[in-house]
Amino acid sequence: GARRGMTLNLVQAWKGARARLETAGLAGPVIDARLLVEAAADATRTDIVTDPHRPLTPEQEARLDGYLARRERREPVSHILGRKGFWKIMLRVTPDVLTPRPDTETVVEYALSGFPEHAPWRILDLGVGSGAILLALLAERPAAQGLGVDVSEEALAVARDNAAALGLAGRCALLRGDWTRGLDSNAFDLVVANPPYIATDVMETLEPEVRDHEPRLALEGGPDGLDHYRVLAPEILRVLKPGGRFAVEIGYDQKAAVEALFREAGAFNVTTIRDLGDRDRVVAGIKNPLETAD
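Source: prediction; values computed, not measured.

Thresholds, definitions, all that
- Residues numbered from 1 in each chain as written.
- Predicted model: local features only at pLDDT ≥ 70, side-chain atom pairs only at ≥ 80, totals over all residues.
- Heavy atoms only, no water.
- Axes fitted to C-alpha atoms, helices over the stretch in contact; angles between N-to-C directions.
- Helix = DSSP H or I, 4+ residues; strand = E, 2+ residues; numbered from the N terminus.
- Parallel < 35°, antiparallel > 145°, perpendicular 65-115°, else oblique.
- Left-handed = near helix turned anticlockwise from the far one by under 90°.
- Contact = heavy atoms within 4.5 Å.
- Nonpolar A, V, L, I, M, F, W, Y, C, P; charged D, E, K, R; others polar.
- Buried < 20%, exposed > 50% of the residue type's maximum accessible area, 1.4 Å probe, protein only.
- Pairing = 2+ DSSP bridges.
- Core = buried A, V, L, I, M, F, W, Y, C linked by side-chain atoms within 4.5 Å.

Draft legend 1. Quick look at the packing of helix α1 (residues 10-23) against helix α2 (residues 29-40). Contact geometry of α1 with α2 gives a least axis separation of 8 Å together with a crossing angle of 135 degrees. Compared by their axis directions, α1 and α2 come out oblique. Crossing angle aside, the handedness with which α1 passes α2 is right-handed. In this structure, α1 uses L10, A13, W14, A17, R18, L21 and E22 to contact α2, whose residues at the interface are P29, V30, D32, A33, R34 and V37. Within the contact of α1 with α2, the residues separate by chemical class into nine nonpolar, no polar and four charged.

Draft legend 2. Layout of the pairing of strand β6 (residues 188-193). Of all six residues in β6, six are buried; the element is thus mostly enclosed. The sheet contact formed by strand β3 (residues 122-126) and β6 spans four bridges and is parallel. Its bridge partner lying in β6, L126 is registered against A193. Pairing between β6 and strand β7 (residues 240-249): five bridges, direction parallel. Considered in β7, the bridge of L190 is made with R245.

Draft legend 3. Expanded view of the packing of α2 against helix α4 (residues 58-72). Axis separation between α2 and α4 bottoms out at 9 Å; the angle between their running directions is 145 degrees. The handedness of the crossing between α2 and α4 is right-handed. When α2 is examined against α4, the residues D32, L36, V37, A39 and A40 are found in contact with a partner set consisting of Q60, R63, L64, Y67, L68 and R71. Its residues placed into classes, the contact of α2 with α4 shows seven nonpolar, one polar and three charged.

Draft legend 4. Focus on the nonpolar core. L124, L126, V191, I236, F246 and F262 are the most contacted members of the largest nonpolar core, which has 33 residues in total. Among the elements of the structure, β3, β4 (145-150), β6, α10 (227-239), β7 and α11 (255-264) are those that each provide at least two residues to this core. Broken down by element, the residue count for this core peaks at six residues, all from α10. When neighbours within four sequence positions are excluded, I236 is seen to be in contact with L126, V191, F246, V248 and F262. Listed in part, the 31 residues of the second largest apolar core include L112, A119, A132 and A284.

Here it is in C-alpha cells:
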C-alpha cells in the first residue's frame, strides 16, 4: 500500500510479516515471521538484531510476500522453507515426511539417558521418516550404528539426504520395509519409533497444517489409534537383545493402552515419560535380560 517506492528493511519486514500472520489468526506469528523473513532475505537471526535497517532487495520482498501468502493458506513453515530444526540437528523436510515436532525430542532425551557415550549400540528406528530420531541419536553417540525402516520410498530418500548432509551416512542403513518384517530376533540394543497414532475419526479435526499438508500414512492409527502398537509391541520385544531398551511415542491419552500392550508382549520396567508440556508422550521399557535366545 502506502510504502510503494520505499524499500523494506529487515525490522520493518519482520514487523509487517508478524502483523500479517496475526491478522490471519495464525498461532506462533512471531517465530514464523522471523523464520520467513530470514529465509526470504538470506539473513540470519543475528542480522535482524545487529543490522535491522538492512534493506531487502525487490526480489527478497517478492519472495517474502510469496512465503507469507503460503503461510496464510496454512502451509507449514517447514514445507515453505524445506527444513526444520530438531534436537541439535537441522533436517530437510518435504511433504513426504512428518515434520519433526519438539514433543518427539522426548524420545531422544530418554533414549540417551541410559546410553553410554561410547557404547557401540545398534539402534533400530521404525518409521524413520525424515531420519529425525535416528540421526539425532547417532549425532550424539559416535560409536553407535543404526537401521531406519520406512514403508515410504519418498521418506527414505529424504532420510538418506539428511544422513549424508550430517555426515552420518556411514553409520546408518535406511531400508524400505513393513515394520520389523525380515529383521533378526535379538539384534538391537535400542528400538525407537514414532508410529502413526491418531484415530481415524480424529484426523478431520486436526489443524489444517497437519491435516492437509502432512502425510496421512504417518499419522493415522486406525479406529482407536492403536493399530500399529498392536503389531509393534511383540515385534519390538522380538528384535531387541535381552536387556535391550525401547522408547515409542504415543498420543497424550494412550498411556494405559500402550503400556498394557507392551506388558502383554513381555516387556519389563514399562513406564511412561511426559513431555515438556507435561503430557504423556513416550512409553519405554526393556526386554527381560535373562531371556534366552530362541
